[in-house]
Amino acid sequence: MTKPHGAMRATLRRLAGPALVAAILMAAGVCGCAPQAQIIRPSPPAGLAPAAARRTMDIGVAADGKPLVVEIFGNGPKTVLILGGIHGDETRSVAVARFLADHLAANPEAVAGKTVAVLVNANPTGAANRTRTNANGVDLNRNFPASNWRPGAAGKREFFGPFPGSEPETQAILRAMELLRPDCIISLHTDGRDAMCNNFDGPAEGLARLMAAQNGYPVLANIGHPTPGSLGSWAGIDRGLPVITLELPQNRPGEECWQRNRGAILEAIAAEVPSPVRQ
Ligand SMILES: [Zn+2]
């Protein structure tokens, strides 16, 4: 991936909101006019009932070329975007996203009146290598073009990238946001200390409380440490979208995590959410 030169980087830092996103997407060659940008192709897996209507959308590739594919269910006006595995070593979050996508495929009534987009594995390289970061050593959940993004040192556990939105995976998620225009976002993580929670950014406290009633995890406005450049900072705080960061257990089987959180996630999908302040 060709990276913008110094002047472009400076420009990116000065810009804000959608203009920054557009600049990043264009700099990365992933603007809406790119040939692959609008591909939404039906791909019902073998054996799946037609009513399940699973579609897929290619949103880009990881830094080492691994494909990034969103699975989409339903056609309703409310759109929910759900991401698993943005931290590659949090493998239970990928497992739960996989269980969710398969559940939605088998139970189309769960998406009645909704469009649910699931990026099961947002960091396939990290998942393959059991690393938090992508192939470039960047923490993708610190790489979004949020107003609180800041530079960091390479090689650290939370290297934020050379500039906001520098990574192909981040750009792919930004592209998915532009194409799908989600009304709310749920990002699945795991916590190594098993400090599970329904963390929220933006107007999502009500949604977090709905989920807490199902999974029993606490509702937290603050996860306890700074998260500059996170998806919650960019989409929730800067853009006013409801964003839930659902921290799952790291040391329990994936199916157990899914069973514990199935009701919470389905409740969030079914819920009416406050109208986001789009910018
Ligand atoms: Zn995480």
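Residues numbered from 1 in each chain as written. Predicted model: local features only at pLDDT ≥ 70, side-chain atom pairs only at ≥ 80, totals over all residues.

K.L.:
Give me the lowdown on the overall build of the protein, citing residues and values where you can.
P.N.:
The helix and strand tally for the protein stands at eight helices and nine strands. Residue burial in the protein is summarised as follows: out of 279 residues, 49% are buried. Taking all contacts inside the protein whose residues are at least 6 apart in sequence as the whole, residues at least 24 apart take part in 70%. (Helix = DSSP H or I, 4+ residues; strand = E, 2+ residues; numbered from the N terminus. Buried ≥ 20, exposed ≤ 12 C-beta atoms within 10 Å, placed from the backbone. Contact = placed C-beta atoms within 7 Å.)

K.L.:
Lay out helix α3 (residues 91–106) in plain terms, naming residues and giving numbers.
P.N.:
Taking 1.5 Å per residue, 16 residues should reach 22 Å; α3 reaches 23 Å between its end C-alpha atoms and fits that length. Of the residues making up α3, those classed as buried are Arg92, Ser93, Val94, Ala95, Val96, Ala97, Phe99, Leu100, Ala101, Leu104 and Ala105. (Expected span 1.5 Å × (residues − 1).)

K.L.:
Please provide a residue-by-residue account of the nonpolar core, values included.
P.N.:
Core analysis: the largest hydrophobic core is formed by 69 residues, its most contacted members being Val118 and Ile244. Broken down by element, the residue count for this core peaks at nine residues, all from α3. (Core = buried A, V, L, I, M, F, W, Y, C linked by C-beta atoms within 7 Å.)

K.L.:
An account of the pairing of strand β5 (residues 114–119) is requested, with residue identities and associated values reported.
P.N.:
Most of β5 is tucked away: five of the six residues are buried. Bridge count for strand β3 (residues 67–73) against β5 is three bridges, and the pairing is antiparallel. Bridge pairing in β5 places Ile72 opposite Ala117. Two elements, strand β4 (residues 78–84) and β5, share six bridges in a ladder whose sense is parallel. (Pairing = 2+ DSSP bridges.)

K.L.:
An account of unusual backbone geometry is requested, with residue identities and associated values reported.
P.N.:
Note: most peptide bonds trans; most residues except glycine with negative phi. The phi angle at Arg130 is positive, at roughly 55°, despite the residue not being glycine. For Arg130, the location among the structural elements is in the loop between α4 (124–129) and α5 (168–180). Within the chain, Asp194 stands out as a residue other than glycine whose phi angle is a positive 55°. For Asp194, the location among the structural elements is in the loop between β6 (184–191) and β7 (197–201).

K.L.:
Any chance you could break down the packing of helix α6 (residues 205–215) against helix α8 (residues 254–270) for me, citing the residues and the numbers?
P.N.:
Look at α6 against α8: their axes get within 8 Å of each other, and the N-to-C directions meet at 150°. On the basis of their axis angle, the class for α6 and α8 is roughly antiparallel. For the pair α6 and α8, the crossing hand works out as right-handed. Of the residues in α8, those touching α6 at Leu207, Leu210, Met211, Gln214 and Asn215 are Arg260, Asn261, Gly263, Ala264, Glu267 and Ala268. For the contact of α6 with α8, the per-class residue count stands at five nonpolar, four polar and two charged. (Axes fitted to C-alpha atoms, helices over the stretch in contact; angles between N-to-C directions. Parallel < 35°, antiparallel > 145°, perpendicular 65-115°, else oblique. Left-handed = near helix turned anticlockwise from the far one by under 90°. Nonpolar A, V, L, I, M, F, W, Y, C, P; charged D, E, K, R; others polar.)

K.L.:
Residues and numbers for the packing of α3 against α8, please.
P.N.:
Running from N to C, α3 and α8 point in directions that differ by 60°, and their axes come no closer than 9 Å. Here α3 lies oblique to α8, going by the angle between them. The two elements α3 and α8 cross, and the hand of that crossing is right-handed. Contacts from Arg92, Ala95, Val96, Phe99 and Leu100 in α3 reach Gly254, Glu255, Cys257, Trp258, Asn261 and Ile265 in α8.

That's the geometry; what it means functionally is another story.
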